[in-house]
Structure formats: C-alpha cells, structure tokens
Amino acid sequence: MDSLHKKIPFNRPYMTGKELFYIAEAKFGGALAGDGPFTKKCHQWLESQFNIPKALLTHSCTAALEMAALLLDIAPGDEVIMPSFTFVSTANAFVLRGGVPVFVDIRADTLNIDESRIEAAITPRTRAIVPVHYAGVSCNMTAIMDIARRHGLKVVEDAAQGVMSRYQGKSLGAIGDLAAYSFHETKNVISGEGGALLINDPELVQRAEIIREKGTDRSRFFRGQVDKYTWQEVGSSFLPGELTAAFLWAQLEEAEFITSARLESWDYYYAGLQPLAARGLIRLPTIPDDCQHNAHMFYIVLDRSIDRAGLINYLREQNIITVFHYVPLHASPAGQRYGRVVGPMTTTVEVSDRLLRLPLYMRLKTQDQDRIITAINQFVK
Ligand SMILES: *Cc1c(COP(=O)(O)O)cnc(C)c1O
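For clarity, every value in this text was computed on a predicted model and none was experimentally measured.

S.K.: Give a description of the site of the ligand that names residues and reports values.
M.R.: Close to the ligand lie 14 residues, the nearest being Thr62, Asp158, Gln161, Ser182 and Lys187. Within the contact set of the ligand, an oxygen atom lies 2.7 Å away from a side-chain nitrogen or oxygen of Ser182. Within the complex, the protein chains bury 93% of what would otherwise be the 390 Å² of accessible surface of the ligand. Residue composition of the shell around the ligand, grouped by class: five nonpolar, seven polar and two charged.

Structural data, given as structure tokens:
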C-alpha cells in the first residue's frame, strides 16, 4: 500500500543529466562571468528556434521585464495596461520606474487579458500593453497588436510561462516589441533562476545590450567595435553567469522532449477529468484553435458548490499537493497603492477564488495521475 501514500509533490524540477557536465566544461574553459560560450549558444538557439532577432539571457524573467521598462523609458505617471491575474513582477518592473499598472479583467476561457477591455483603459498617459500568456496559452495577439499599433503603444509579452508555445504558428515571445521568458525552476525549461529578454524591434537591440551591461557599451567593446567601454546610460547587471547558462544549455537541448512529455501528462488529465467537466462540477482549460501550448500548467476551475480549501486539504491528507494561484494584484496592498483598475474585475476575482493547479512535472506517472483524478472524484461526489 506504500504507493497509495507516497507523496505526489506539486512540482519536481527535471534535469536532463548533462547539466553538471556542461557546468564542468564552463569551469575548465575558465569563463565564469556572463556572456561566455554557453551564453552565446543559448542566445543563438533562442533566436533561431523562435525566429527572434535578438535574445539576451538575464538572471530572471523579472530582470527581463525590468529591462523592458528601462528600454521603453517608462517615466513617473506613465500607464501600462496589464491583467491583474498575474505574477507580481509583471507590475513591479514598471512601478520601479514610477509607472502605473492599469489592471483590466481576464477572459473566462483562457484566463488571459480580455482584449475587448483594453481600449477603454487607454488614456493619453498610456505607453504599453503587457499581455501575460497564462499557462503557456497565447493571448489574442492579433487583437492586441492591432490596438497597440492604432494607439501608438508598445507591447511587452510576459511570456514567462510560454517558452515553446505558439500562436498562429509564431513563437510566443516573437510577437510583441519586447518579451520576457522565465527559466525559474517552476517553469518547463529551467536553470534554477534565469530568464531572457527577447527583442523583436531591431532599434532597441543596442540599448538593450548597454542596459544589461551596467549601462556600458562593454558588448561592443568585446566585439572590437569600440576601443574602450564607457558609461553610456542608466543600466544594471542583468546578465547571468556562465554556470547558469551552461545549465540552461542542457535544458534547451531537450526542450522539445520536455514539451512533448509534459503535453502527454496534460492530455491524460484532460481526458480523465472530462466526466467531471461534463457534469458541470469543474471547468477544464480552453486552448483556442490558433494556439499550440506547452503544457506549462494543468489547472481546473471548480464550480461554486465545491469548497476549494476543503479539496486542497482532502488531497493533502492523501499526500497529493495541489495549489491555488495568484491573489489578484489589484486587490493586493501594493497593487492598491500603485495601480488602478478599469472596468469590472468579476472574472479575475472568481477565477482566483476557484482555480486549482494539479501536479505536473517530467516523469509524472499515469498511476499517480489516476490517484489524483480518483481523489478529486471522491471529494466532489
Ligand atoms: C514566473 C513568472 C514571472 C517571474 O519569473 P522569474 O524568472 O522568477 O523572475 C513573471 N511573470 C509570470 C507570468 C510568471 O509566471
């Protein structure tokens, strides 16, 4: 009966097996600071795999979003439209520059920003829109890019969860003017902490390199384009060391395999939970026809009649770890201090109260998924 009680964690970081080998290679190569051979390999891989003009590794997705705010010259009072149902870094990056997050509601199907509510939130102070691709499922980027172009706004994709996902054939991260990926250990492709800034507007490339290198033109110096490097503008140290890039390289090599294995687990949940969805007790994720997702997350939205805290406890008693997700930013102390809401927040509030994320990681066994599905059925019967 041991397996009945064995713990099923919510997440289990996966390693391909080559990480330590590449870290040793970096160590013996003698390049430990940033922008060494492994960082270059990662940059080239991201650019060619996702068809992105310029990719720059950062030490986190948070750092990449902060770079985006610097690149767009966000100044005090500038407004940035985003969902409230997201991670704090989406908003923080702009608040650090004095920007004002303007929160709008999400769609009930994908839980992504409701594009039909964006235009009502635009004012003369609006500078950018930040769509967040929740669970690695794309926002309606056609509508969002169209609104941005018509109003002269920049688009920064928070594609933290969207590595390897596509929208109408394009990679997430390749659509907005700028985008940010995360390689945090809770994401699909990982380096512990890690991220990347994706630059699709070629005019922003040179400044991005400067901002990432403490505000200096050190990158141009190393390419022999200038004979000394100097302080050019405001910046910080946003680049990861080579050991992190070496770890990430091992993961990028297997990104395809990781994605397809996760999709198998995702599909297994989807099929197994279908009967509960048919009875209206839970809602399953929606993947629009023009989206190819990466199985970053498997969530269910519980019917109002189901007690979420009770279910989480019931599952925990059986050693199954499930978690809810974001406390909406507009309702959090800092969100109220720094942000503003436009329109109703009905879906954001409802979903944040009723959403439950199920364990999903590499090598999750189908027997364990069966155990999870059975336990959910027992609770909601
Ligand atoms: C994970 C995540 C981030 C932050 O990523 P870090 O790499 O941990 O900084 C930002 N936005 C969203 C939507 C995320 O899921």
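S.K.: Summarise unusual backbone geometry; cite the residues concerned and give the values.
M.R.: Phi is positive for Asn51, close to 60°, though the residue is something other than glycine. By secondary structure assignment, the location of Asn51 is in the loop between α3 (37-50) and β1 (54-58). Within the chain, Gln168 stands out as a residue other than glycine whose phi angle is a positive 45°. Residue Gln168 is classed as partly exposed on the basis of its relative accessible area of 49%.

S.K.: Mind laying out the pairing of strand β9 (residues 195-199), listing which residues take part and the relevant values?
M.R.: For β9, the buried fraction is high: five of the five residues fall into the buried class. Here five bridges tie β1 to β9, and the two strands are oriented antiparallel to one another. Across the sheet, Leu56 pairs through a bridge with Leu197, a residue of β9. Where strand β8 (residues 178-182) and β9 come together, five bridges link them in antiparallel fashion. Its bridge partner being in β9, Leu178 is matched across the sheet by Ile199.

S.K.: Could you give an account of the environment of Gln251, with specific residues and numbers?
M.R.: Of note, Gln251 is situated in helix α9 (residues 242-253). The sequence separation of Gln251 and Lys18 amounts to 233 residues, and the corresponding C-alpha distance is 8.3 Å. Leaving out residues up to four positions away in the same chain, Gln251 has contacts with Tyr14, Met15, Thr16, Glu19, Asn188, Val189, Ile190 and Ile258.

S.K.: Tell me about helix α5 (residues 88-95), residues and numbers included.
M.R.: A large share of α5 lies buried, amounting to six of its eight residues. On the buried face of α5, the contacting elements are α4 (61-71), β2 (79-83), β3 (100-104), β5 (154-158) and α13 (333-338).

S.K.: Account for the sheet that holds strand β13 (residues 340-341), with residues named and values stated.
M.R.: Pairing in this open sheet of eight strands is mixed, and the strands run β1-β9-β8-β5-β4-β2-β3-β13 from one edge to the other. Two strands lie at the open edges of the sheet, namely β1 and β13, each paired on one side alone. Bridge count between β2 and strand β4 (residues 126-129): three bridges; the pairing is parallel. Its bridge partner being in β4, Ile81 is matched across the sheet by Ile129. Packed onto the sheet, α3 meets β1, β8 and β9 and runs at close to 135° relative to β1. Across the face of the sheet, helix α7 (residues 205-212) comes into contact with β1 and β9 while running at roughly 10° to β1.

Rules of the game
- Residues numbered from 1 in each chain as written.
- Predicted model: local features only at pLDDT ≥ 70, side-chain atom pairs only at ≥ 80, totals over all residues.
- Heavy atoms only, no water.
- Near = heavy atom within 4 Å.
- Polar contact = N/O pair within 3.5 Å; in protein donor to acceptor, adjacent residues only side chain to side chain.
- Areas by Shrake-Rupley, 256 points an atom, 1.4 Å probe, with all protein chains shown as cover.
- Nonpolar A, V, L, I, M, F, W, Y, C, P; charged D, E, K, R; others polar.
- Helix = DSSP H or I, 4+ residues; strand = E, 2+ residues; numbered from the N terminus.
- Buried < 20%, exposed > 50% of the residue type's maximum accessible area, 1.4 Å probe, protein only.
- Pairing = 2+ DSSP bridges.
- Contact = heavy atoms within 4.5 Å.
- Axes fitted to C-alpha atoms, helices over the stretch in contact; angles between N-to-C directions.

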